[in-house]
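Remarks on the overall topology
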Amino acid sequence: MDLSVNGQSRTIADADVDPSMPLLWVIRDVLNLTGTKFGCGVAACGACTVHVDGQAVRSCVTPLSAAQGKAVRTIEALGSVDQPHALQKAWVTHQVPQCGYCQSGMLMAAADLLAKNRDPGDAEIDAAITNICRCGTYPRIREAIKTAAKAMRTGGST
C-alpha cells in the first residue's frame, strides 16, 4: 500500500498491515511517528487527530484503506524547531499544555480550523475544537487560536 505521509511517499508492505487497520496504528507502529496519540479509540477525545487531504480526522477510527492515495499530515509536519507553526508559537505564549497528552491532536484540529477560518470567534472555536483536554485549558486554547489566527492574517507562519 502506498501512502503520502508528511509530504513523503511511503510504501507499506501488504503483509505488514490489514487495510482495515486504524490509521493511528500505522502512523505510530509501522511508520514510527509517535506524536499522534491514542486516547479513547472511539473518536471521542481527539488525541489522534491528523489531516487527511487537508481535513482533520480521528485516526483511531479511520481505516488505513481510507487514506490510500491521499495526503496524510501528522503533528510532526505541522512546524519545525526552526520554523514553528503560528499555533505552536501561540501554544507556548499562552502556556496551553499542562500534561500535554492531548496537545498534538488539539493542534491538528486547530490547524484545520485556521485553514478554513482565519478569524474565528469563541463560538466557532468551540464548535470546531471538539477535542477533550482533561487538564481543562480550554480558555488558553481559545486565546492561543486567536493569537495564531492574528499572526497568520498578518503574515506570521502557517
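Just above, that's the structure.
Residues numbered from 1 in each chain as written. Predicted model: local features only at pLDDT ≥ 70, side-chain atom pairs only at ≥ 80, totals over all residues. Heavy atoms only, no water.

1. Thoughts on the overall build of the chain
A tally of regular secondary structure across the chain gives five helices and five strands. Sequence-ordered secondary structure for the chain, helices as α and strands as β, is β-β-α-β-β-β-α-α-α-α. In terms of overall dimensions, the chain is globule-like: its C-alpha atoms have a radius of gyration of 15 Å, near the 15 Å expected for 158 residues. Considering only C-alpha atoms, the chain reaches an extent of 45 × 30 × 25 Å along its principal axes. Counting only residues that meet the buried cut, the chain has 40% of its 158 residues in that class. For the chain, long-range pairs separated by at least 24 residues make up 60% of all intrachain contacts whose partners lie at least 6 apart in sequence. (Helix = DSSP H or I, 4+ residues; strand = E, 2+ residues; numbered from the N terminus. Rg over C-alpha atoms; globule rule 2.2 N^0.38 Å. Buried < 20%, exposed > 50% of the residue type's maximum accessible area, 1.4 Å probe, protein only. Contact = heavy atoms within 4.5 Å.)

2. Thoughts on the pattern of salt bridges
What the rule picks out here adds up to five salt bridges. With a closest N to O distance of 2.6 Å, Arg-142 and Asp-126 form a salt bridge. On the criterion of sequence distance, the pair formed by Arg-142 in helix 5 (residues 138-153) and Asp-126 in helix 4 (residues 122-128) is long-range, its members being 16 residues apart. One salt bridge connects Glu-143 with Lys-146, and the closest N-O pair in it is separated by 3.6 Å. Here Glu-143 and its partner Lys-146 are both found in helix 5, three residues apart, which amounts to about one turn of the helix. Where salt bridges share partners, they join Asp-122, Glu-143 and Lys-146 into one cluster. (Salt bridge = Lys/Arg side-chain N within 4 Å of Asp/Glu carboxyl O.)

3. Section: the pairing of strand 4 (residues 55-58)
Pairing analysis gives four bridges linking strand 3 (residues 49-52) to strand 4, with the strands arranged antiparallel. Bridging from a neighbouring strand, His-51 pairs with Ala-56 of strand 4. The turn linking strand 3 back onto strand 4 is made up of two residues, and Asp-53 within it adopts a positive phi angle of 50°. (Pairing = 2+ DSSP bridges.)

4. As for the sheet that holds strand 5 (residues 71-73)
Working definition: the strands of a sheet are paired by backbone hydrogen bonds and lie parallel or antiparallel to each other. Spatial ordering of the open sheet is given by 2-1-5-3-4, a layout of five strands whose pairing is mixed. Edge positions in the sheet fall to strand 2 (8-11) and strand 4, since each has one partner strand and no second. The average undirected angle you get between the axes of adjacent strands in this sheet is 40°. Where strand 1 (residues 2-5) meets strand 2, four bridges bridge the pair, whose relative direction is antiparallel. Across the sheet, Ser-4 pairs through a bridge with Ser-9, a residue of strand 2. Packing against the sheet, helix 1 (residues 23-30) makes contact with strand 1, strand 3 and strand 5, and its axis sits at approximately 100° to strand 3. (Axes fitted to C-alpha atoms, helices over the stretch in contact; angles between N-to-C directions.)

5. Some words on the pairing of strand 1
Here strand 1 shows one buried face, formed by Leu-3 and Val-5, and one open face, formed by Asp-2 and Ser-4. Here strand 1 folds back onto strand 2 in antiparallel fashion, the turn holding two residues, of which Asn-6 has a positive phi close to 55°. Bridge count for strand 1 against strand 5 is two bridges, and the pairing is parallel. Bridge pairing in strand 5 places Ser-4 opposite Ala-71.

6. Comments concerning the environment of Ala-43
The topology assignment puts Ala-43 in the loop between helix 1 and strand 3. Here Ala-43 falls in the partly exposed class, since its relative accessible area comes to 27%. Counting along the chain gives 15 residues from Ala-43 to Arg-58, while the straight-line C-alpha distance between them is 5.6 Å. Those residues within four positions of Ala-43 in sequence are excluded, and the remaining contacts are Arg-58, Cys-60 and Val-61.

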